[in-house]
Amino acid sequence: MSGNVKNIPAKKLYLTDAYRWKTRLDSTDYKDGTFKFGNDKIKIPFIASICFINGDGKIEKLILKNDVLSTSAQPRSLDAFFYSTEPVNISGDYDSPKHHLTVKGGDDNILFNRFVLDDIGFIGNSSNKSTRMKAFTDVIEKQPSSIYLLYKLIDNRNEYTKEDLKKILSLFTKNIQNSELAKKLKQYIANRPDANTTITNFTLRNSEGSKGTILDHKSKLTMIVFWAGWCKPCIDEIPNIRKLDSLYRNKGLSIVSIFIDQSETNWKRLIKEKRMTWTQLIVEKSKIEEIQNKFFFNAIPTTIFVDQTGKEIERFTGFDVEENKSYESLISSLLK
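In what follows, the accompanying structure is described. As the structure is a prediction and not an experimental result, all values here were calculated from the model.

Some words on the overall build of the protein
Line of reasoning, step 1. Broken down by element type, the protein carries ten helices and 18 strands.
Line of reasoning, step 2. Relative to the compact-globule value of 20 Å for 336 residues, the protein shows a C-alpha radius of gyration of 22 Å, a close match.
Line of reasoning, step 3. Counting only C-alpha atoms, the protein reaches 65 × 50 × 40 Å along its principal axes.
Line of reasoning, step 4. The buried share among the 336 residues of the protein stands at 46%.
Line of reasoning, step 5. Summing over all exposed atoms, the protein offers an accessible surface of approximately 17,600 Å²; the carbon and sulfur share of this is 49%.

Shown next, in the form of structure tokens:
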């Protein structure tokens, strides 16, 4: 991907994952209004941002105009684009109003801009699950050669049954089905535990620095919560979890919060600050992907309820007040 942008106040630009933009994946020189990142070795596409260090020593992202959703009355912008093997060019003047730049790419970046607010592929736990799935498959049938749509299927893979994943994958062209990204999905389908499979009882480090297990087989019900410090819904959910712990701790419920962030300092600060008195475990950076694959989740907060034998009963993704009511209803019915 290349850029022709005037007046960026930096000599070096950094390519990052848009969701973990403080981690630099690549760097390049910015000279005479141009820059270039090589994408010839990209095997797994991702949502990317381009950043630089400003004069105050802070990280800034390039702001890109969303030409698909923008109108003259309401211009829209974002700080990310879809990074794959298709050519992408960013152009404009950094000194323009609001620093808006123009991004030009192929069909996949058009789709990314079109659905960036809709989160296409996410079907959630709501009653309109089938409607959202059909809307997603309808788009795939119209654009079967889109690697971006496959990316979104993988991004939301835990929302679907294994059979649904196989059927949706079959809607793509053979080239897409044979891509590196598709191989990743096929591997996931092959390794994902079937329904009613006993969950692996991992041993992780707890907040005291000793080892602790995820499952407590002495408890009638275990509530596992995967979270991170950068995840606002995760933080918003903590008071509700604290309430559930207070109500059901002595009635057979064990709550285990598992931190999948990379900042241990932030983890310990939040535990103390938010009065998280139930079991707290942290996943080492090198094992985050393994844990995500074993528990087949990729969005947080993810909450999984497990019975005394280690079998999953139900899971929830995201946070809202109504889902927390569902938690309490489920817990009270199982601990009668």
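There is more to say after this.
Digging into the pairing of strand S12 (residues 203-206)
Side-chain positions along a regular strand alternate between the two faces of the sheet.
Line of reasoning, step 1. Pairing of S12 with strand S13 (residues 211-213) involves three bridges; the strand directions are antiparallel. Within S13, the position partnered with Arg205 by the bridge is Lys211.
Line of reasoning, step 2. Taken together, S12 and the strand that follows it, S13, pair antiparallel across an intervening segment of four residues, in which Gly209 is found at a positive phi of about 95°.

Observations concerning the environment of Leu117
Line of reasoning, step 1. Looking at where Leu117 falls in the secondary structure, it is placed in the loop between helix H1 (107-115) and helix H2 (129-142).
Line of reasoning, step 2. Residue Leu117 is classed as exposed on the basis of its relative accessible area, which comes to 62%.
Line of reasoning, step 3. As for Leu117 and Leu69, which are separated by 48 residues in sequence, their C-alpha atoms are 9.5 Å apart.
Line of reasoning, step 4. Beyond its immediate chain neighbours, meaning those up to four positions away, Leu117 contacts Leu69 and Arg76.

Examining the packing of H2 against helix H3 (residues 147-155)
Line of reasoning, step 1. Here H2 crosses H3 at 155°, and the two axes come no closer than 10 Å. In terms of their interaxial angle, H2 and H3 are classed as roughly antiparallel. The handedness of the crossing between H2 and H3 is left-handed. Packed against H2, whose contacting residues are Phe136, Val139 and Ile140, the element H3 presents Leu149, Lys152 and Leu153 at the interface.
Line of reasoning, step 2. Its residues placed into classes, the contact of H2 with H3 shows five nonpolar, no polar and one charged.

With respect to the pairing of strand S10 (residues 89-93)
Line of reasoning, step 1. Relative to S10, strand S1 (residues 2-6) runs parallel, the two being bridged by five bridges. Bridge pairing in S10 places Gly3 opposite Ile90.
Line of reasoning, step 2. Where S10 meets strand S11 (residues 100-104), three bridges bridge the pair, whose relative direction is antiparallel. Across the sheet, the residue bridging to Ser91 is Thr102, located in S11.
Line of reasoning, step 3. Following S10, the chain reverses through six residues before pairing antiparallel with S11; Lys98 in that reversal takes a positive phi of roughly 60°.

Notes on the sheet that holds S1
Line of reasoning, step 1. The mixed open sheet is built from six strands, whose spatial order is S4-S1-S10-S11-S7-S8. For this open sheet the edge positions go to strand S4 (34-36) and strand S8 (77-78), each flanked by a neighbour on one side alone.

Describing unusual backbone geometry
Line of reasoning, step 1. Phi is positive for His99, which is not a glycine, with a value near 60°.
Line of reasoning, step 2. Turning to its location among the elements, His99 is positioned in the loop between S10 and S11.
Line of reasoning, step 3. Among the residues examined, His99 registers a relative accessible area of 32% and is labelled partly exposed.
Line of reasoning, step 4. Residues other than glycine seldom take positive phi values, yet Arg275 does so here, at roughly 55°.
Line of reasoning, step 5. By secondary structure assignment, the location of Arg275 is in the loop between helix H8 (264-273) and strand S16 (279-282).

Considering H8
Line of reasoning, step 1. For H8, the full list of buried residues reads Asn266, Trp267, Leu270 and Ile271. Viewed end-on, H8 has its buried residues packed into an arc of 135°, placing them on one side of the element. For H8, the exposed residues lying more than 90 degrees away from the buried face are Thr265 and Lys272.
Line of reasoning, step 2. Buried residues belonging to H8 abut S12, strand S14 (221-227), helix H7 (232-248), strand S15 (253-259) and S16.
Line of reasoning, step 3. Positive phi appears at Arg275, one or two residues downstream of H8, with a value of about 55°.

Digging into the packing of aromatic side chains
Line of reasoning, step 1. Throughout the structure, instances matching the rule amount to 16 aromatic pairs.
Line of reasoning, step 2. Relative to Trp267, the ring of Phe259 has its centre 6.2 Å away and its plane inclined at 25°; by these criteria the two rings are stacked. For the pair Phe259 and Trp267, a shared accessibility class is recorded, and that class is buried.
Line of reasoning, step 3. The interplanar angle of 65° and the centroid separation of 5.7 Å between the aromatic rings of Phe305 and Tyr327 together place this pair among those described as edge-to-face. On the criterion of sequence distance, the pair formed by Phe305 in strand S17 (residues 302-307) and Tyr327 in helix H10 (residues 321-334) is long-range, its members being 22 residues apart. One exposure class covers both Phe305 and Tyr327, and it is buried.

Calculation notes
Residues numbered from 1 in each chain as written. Predicted model: local features only at pLDDT ≥ 70, side-chain atom pairs only at ≥ 80, totals over all residues. Heavy atoms only, no water. Helix = DSSP H or I, 4+ residues; strand = E, 2+ residues; numbered from the N terminus. Rg over C-alpha atoms; globule rule 2.2 N^0.38 Å. Buried < 20%, exposed > 50% of the residue type's maximum accessible area, 1.4 Å probe, protein only. Areas by Shrake-Rupley, 256 points an atom, 1.4 Å probe, with all protein chains shown as cover. Pairing = 2+ DSSP bridges. Contact = heavy atoms within 4.5 Å. Axes fitted to C-alpha atoms, helices over the stretch in contact; angles between N-to-C directions. Parallel < 35°, antiparallel > 145°, perpendicular 65-115°, else oblique. Left-handed = near helix turned anticlockwise from the far one by under 90°. Nonpolar A, V, L, I, M, F, W, Y, C, P; charged D, E, K, R; others polar. Arc of directions from axis to C-beta. Phe/Tyr/Trp six-rings, centres within 6.5 Å; stacked < 30°, edge-to-face > 60°.

Any functional reading would require information beyond the geometric quantities listed.
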